Amino acid sequence: MDATITCKSCRSVISDSIEICPTCHVKSPKKMSEKRKRTFFLTLVIGIIIIVIVPMVASLLWMQSK
């Protein structure tokens, strides 16, 4: 018996084995979740770079200029 998943596009409950959601016709509804995770991870990494590394480099450059 197939497991069920929720389509990330239209939130319909569908079989885990199908490749196209019968309601919204999105290909591989499971892959949308993976894409969202990848986007979140990339945003997190860029945010950490902006919040941590950029001020650290700026302070090092400022200390060298004195």
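Everything that follows concerns the structure shown earlier in this document.
Being a predicted model, the structure only gives us computed values, none of them experimental.

Trainee: Provide a residue-level description of unusual backbone geometry, including the pertinent values.
Mentor: Unusually for a residue other than glycine, Arg11 sits at a positive phi of about 70°. Along the polypeptide, Arg11 turns up in the loop between strand 1 (4–6) and strand 2 (13–15). Residues other than glycine seldom take positive phi values, yet His25 does so here, at roughly 65°.

Trainee: Go over the environment of Thr6, please, and point to the residues and values.
Mentor: As for its placement among the helices and strands, Thr6 is situated in strand 1. Sequence separation between Thr6 and Ile48 is 42 residues, and the spatial gap between their C-alpha atoms is 31 Å.

Trainee: Please provide a residue-by-residue account of the environment of Thr43, values included.
Mentor: Summarising the element assignment, Thr43 is placed in helix 1 (residues 29–65). Taking the relative accessible area as the measure of exposure, Thr43 reaches 52% and is therefore exposed.

Trainee: Could you give me a rundown of a positive patch on the surface, with the residues and numbers involved?
Mentor: On the surface, Lys8, Arg11, Arg36 and Lys37 cluster together into a patch of positive charge. Tracing the backbone shows Lys8 in the loop between strand 1 and strand 2.

Trainee: Quick one: what's the story with the side chain of Ser12, residue by residue and with numbers?
Mentor: Take Ser12: it is sitting in the loop between strand 1 and strand 2. Excluding residues within four positions of it along the chain, Ser12 makes contact with Ile5, Thr6, Cys7 and Thr23.

Trainee: Before we move on, could you go through the environment of Arg11 and cite the residues and values that matter?
Mentor: Its relative accessible area of 54% is what places Arg11 among the exposed residues. Once the C-alpha coordinates of Arg11 and Cys21 are considered, the two residues, ten residues apart in sequence, prove to be 9.9 Å apart.

Trainee: Go over the state of the cysteines with me, naming the residues and quoting the values.
Mentor: Tallied over the full model, the rule gives zero disulfides. The cysteine Cys7 is free of any disulfide, with Cys24 supplying the nearest cysteine sulfur at 3.7 Å. Overall, the relative accessible area of 0% leaves Cys7 in the buried class. Distance from the sulfur of Cys21, which forms no disulfide, to the nearest cysteine sulfur (Cys10) is 3.7 Å.

About the cut-offs
Residues numbered from 1 in each chain as written. Predicted model: local features only at pLDDT ≥ 70, side-chain atom pairs only at ≥ 80, totals over all residues. Heavy atoms only, no water. Helix = DSSP H or I, 4+ residues; strand = E, 2+ residues; numbered from the N terminus. Buried < 20%, exposed > 50% of the residue type's maximum accessible area, 1.4 Å probe, protein only. Patch = residues over 30% accessible without salt bridge, like charges linked within 9 Å, V, L, I, M, F, W, Y side chains within 5 Å. Areas by Shrake-Rupley, 256 points an atom, 1.4 Å probe, with all protein chains shown as cover. Salt bridge = Lys/Arg side-chain N within 4 Å of Asp/Glu carboxyl O. Lys, Arg positive; Asp, Glu negative; His and termini not counted. Charge placed at Lys NZ, Arg CZ, Asp CG, Glu CD. Contact = heavy atoms within 4.5 Å. Disulfide = S-S within 2.5 Å.

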